[in-house]
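This is what each chain is made of:
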Amino acid sequence: MTGHARPRTTRTATLLGAALLLSACGAQGTAATGADAGPPRPGGTLRLGISSNPDCLDPQQVGTNAALNVGRQLVDSLTDQNPETGEITPWLAEKWEVSPDSTAFTFHLRSGATFSDGTPVDAAAVKTSFDGIKALGPKSLLGAGYLAAYRGSTVLDPATVKIEFSAPSAQFLQASSTMSLGVLAPAAYAKTAEQRCQGTGLVGSGPFVFESFQPNREVVLARRPGYAWGSPLWGHTGEAYLDKVSYRVVPEPGVRTGSLASGQLDAITDVQPVDEPQFAGNGFTEPVRPNPGIVFNLTANTTRGVLTDAKVRQAVSKGINRPEVTSTVLSANYKAATSVLGSTTPLHTDLSKELAFDQQGAQALLDSAGWQPGPDSIRVKDGQRLTASVVFSAVFNQNQSALELIQQQLRKIGFDLRIELHTTAETTAIQQSGNYDFLWFNTTRADPDILRQLYSTKSSNRSRLTPGPLDEALDQQAATVDPATRGPAAERAQRLIVEQAYVIPVFELTQVLGVGPTAHGIEFEASSRLRLFDAWVSGS
């Protein structure tokens with residue numbers, strides 16, 4: 001399959017060819033922001049309040065939104081992904097070819113792109129960068145998965161690089177659009193991974209360059225002079241509008257929203273549901289976009305306790321009232337899950353009917369499995385209570401409230417869900433050990449291969465499954481970039497996961513921004529992270 005260069009298009013470009021229409025993404029995709037203040041004006045500093053410290057600035061190493069929202073502005077990628085259609089489009093690469101077995105990807109690079117140290121973005125630099133990501137190993141939190149089967153890169157000529165894998169890796173085409181595989185200059189690898197985390201030697205070809213980092217306080221980026229090779233999906237050509245971006249670390253949600261309301265900040269990330277009404281009108285806007293990838297869910301360990309029984313897992317799924325969770329704990333900006341994949345994920349399948357709330361159906365399943373009501377309303381069978389625990393961390397402020405409501409809902413069908421709060425590090429260790437009943441989490445990725453990475457028995461296998469039909473479907477979707485073949489395989493995988501309740505989807509994580517009247521053009525890219533090339537500020 002070959003990707004071809006296209007003329008610069010608007011962000012609302014339609015996908016060429018109905019066969020490539022991956023999934024319908026609503027009006028919550030990209031969003032022009034701020035009040036109508038006329039045409040964009042160059043200059044000024046965007047003061048952006050973020051909810052956590054970006055511990056590492058190197059996009060090749062990090063996995064948090066706070067860090068990736070910085071890194072996206074510093075590096076360019078081989079390709080870009082249209083957030084509205086899922087289409088992979090040219091960027092640093094003008095065109096590409098994919099081998100029939102999806103193990104080799106040949107990229108033809110555009111001319112004229114340079115890193116901020118003046119060196120060219122050529123095939124040798126791309127090879128050095130991908131080799132460098134692979135060498136990071138587990139330090140590359142996202143890239144390690146994208147390059148799990150990476151064999152190496154070959155420079156065919158200064159403008160052509162061939163990237164090869166030891167197994168079919170259709171997912172790599174989408175991965176090549178992410179900031180996690182953004183290209184750094186060869187000089188960056190003269191610095192240690194730790195130095196790059198702090199910004200030292202973090203040399204990319206993006207529209208902004210690193211200026212300063214004060215941990216737990218502020219990250220400052222400056223406009224890259226002479227930048228002229230932006231993605232065709234962006235709104236204008238040439239340099240970015242902003243002189244600088246000041247990311248200000250403001251962990252407390254109330255302080256963050258107060259600073260925006262008072263004009264001390266131009267925009268903020270992570271607006272909490274309780275604060276959303278403050279920014280509905282009065283010159284403020286509230287861009288939102290659901291995250292693609294794995295929705296917030298209960299992932300079952302199918303080898304433990306009561307969860308070894310598919311009927312029990314299915315009853316739990318039927319016993320959860322997803323719209324009640326979003327309307328009670330969250331807000332109208334959040335969607336009840338319609339699949340294990342979020343609705344903005346390419347090749348998402350709508351399984352709303354399978355995920356409908358059905359309390360009577362849940363009770364009937366438990367009756368048929370021999371679970372009888374107990375003295376405290378929790379069902380019992382052979383002296384065993386119908387109970388399981390869920391392990392979670394507070395990476396999303398509403399996690400505990402959502403789980404407490406789910407706990408109440410499941411009690412009505414006689415199921416006792418015990419909630420266990422752990423630190424993020426503890427949760428990761430528990431997940432790796434397999435010592436859990438349910439895991440509660442979400443994972444962002446704008447490609448259905450995230451299912452293979454998490455649920456294949458050949459990968460992390462979070463549901464502790466044995467080899468079977470799910471592996472076959474996941475392998476098939478990994479084997480080709482052709483959506484006509486890949487789509488049905490991805491649908492089969494989603495159906496198997498939902499129907500067998502290996503994963504019990506609940507709601508989609510949504511990015512909610514608060515944008516004041518002085519900020520404009522802040523947009524989401526396909527992974528629901530920020531794109532600031534077209535952003536600008538006006539006078540107050």
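For the structure, see preceding data.
Note that the coordinates shown come from a computational prediction; the quantities given were computed from them, not determined experimentally. (Residues numbered from 1 in each chain as written. Predicted model: local features only at pLDDT ≥ 70, side-chain atom pairs only at ≥ 80, totals over all residues. Heavy atoms only, no water.)

(A) A look at the overall build of the protein chain. The number of helices and strands found in the protein chain is 14 helices and 26 strands. Against the 2.2 N^0.38 benchmark of 24 Å for 540 residues, the protein chain shows a C-alpha radius of gyration of 23 Å, consistent with a compact globule. The buried share of the protein chain, reckoned over its 540 residues, is 59%. Element-wise, carbon and sulfur atoms account for 52% of the exposed surface of the protein chain, whose accessible area totals about 19,700 Å². The positive charge centre, built from 45 side chains, and the negative charge centre, built from 51, are 2 Å apart in the protein chain. (Helix = DSSP H or I, 4+ residues; strand = E, 2+ residues; numbered from the N terminus. Rg over C-alpha atoms; globule rule 2.2 N^0.38 Å. Buried < 20%, exposed > 50% of the residue type's maximum accessible area, 1.4 Å probe, protein only. Areas by Shrake-Rupley, 256 points an atom, 1.4 Å probe, with all protein chains shown as cover. Lys, Arg positive; Asp, Glu negative; His and termini not counted. Charge placed at Lys NZ, Arg CZ, Asp CG, Glu CD.)

(B) Region of the structure containing the pattern of salt bridges. All told, the structure shown has 20 salt bridges when counted by the stated rule. A salt bridge links R495 to E499; the nearest nitrogen and oxygen atoms lie 4.0 Å apart. Taken together, the residues R495 and E499, both in helix α14 (residues 483-499) and 4 residues apart, mark about one turn of the helix. On the basis of relative accessibility, which here comes to 40%, the residue E499 falls in the partly exposed class. One salt bridge in this structure joins R531 and E523, with 3.0 Å as the shortest N-O distance. With a relative accessible area of 6%, R531 lands in the buried category. One network of salt bridges, in which partners are shared, links E354, E491, R495 and E499. (Salt bridge = Lys/Arg side-chain N within 4 Å of Asp/Glu carboxyl O.)

(C) Quick look at unusual backbone geometry. Located in the positive-phi region is S102, a residue other than glycine, with phi close to 60°. Relative to the assigned elements, S102 resides in the loop between β5 (93-98) and β6 (104-109).

(D) Examining the sheet that holds strand β10 (residues 218-223) more closely. Here 6 strands make up an open sheet; going across it, the order is β9-β10-β11-β2-β12-β22 and the pairing mixed. The open sheet has two free edges, formed respectively by β9 (208-214) and β22 (514-515), since each of these has just one partner strand. In this structure, strand β2 (residues 45-50) lies alongside strand β11 (residues 244-249), joined through 6 bridges in parallel fashion. Bridge pairing links G49 to R248 in β11. (Pairing = 2+ DSSP bridges.)

(E) Quick peek at the nonpolar core. In terms of nonpolar packing, the biggest core is built from 74 residues, with F107, F130, I163, F172, Y247 and I522 touching the most fellow members. Among the elements that make up this core, the one with the highest residue count is helix α2 (residues 123-136) (5 residues). Of all hydrophobic cores here, the second largest spans 47 residues; its members include L330, A402, W440 and V506. (Core = buried A, V, L, I, M, F, W, Y, C linked by side-chain atoms within 4.5 Å.)

(F) Molecular detail of the state of the cysteines. Within the structure shown, the criterion is met by 1 disulfide. Residue pairing for C56: its cysteine sulfur links by disulfide to C197, the two sulfurs lying 2.1 Å apart. With the S-S bond torsion at -85°, the cross-link from C56 to C197 turns out left-handed. You can see C56 sitting in the loop between β2 and α1 (65-74) and its partner C197 sitting in helix α5 (residues 193-197), a full 141 residues away along the chain. Taking the relative accessible area as the measure of exposure, C56 reaches 10% and is therefore buried. Taking relative accessible area as the criterion, C197 reaches 12% and is therefore assigned buried. (Disulfide = S-S within 2.5 Å.)

(G) Region of interest: α1. For α1, the tally of buried residues reaches 9 of 10 residues, placing the bulk of the element in the interior. Along α1, the residues classified as buried are A66, A67, L68, N69, V70, G71, R72, Q73 and L74. Against β9, β10, β11 and β25 (530-531) lie the buried residues of α1. (Contact = heavy atoms within 4.5 Å.)

(H) Geometry of the side chain of N53. In this fold, N53 is placed in the loop between β2 and α1. Polar side-chain contacts of N53 include one of 3.0 Å to the side chain of D55. Not counting chain neighbours up to four residues away, the residues in contact with N53 comprise F213, P215, N216 and V249. (Polar contact = N/O pair within 3.5 Å; in protein donor to acceptor, adjacent residues only side chain to side chain.)

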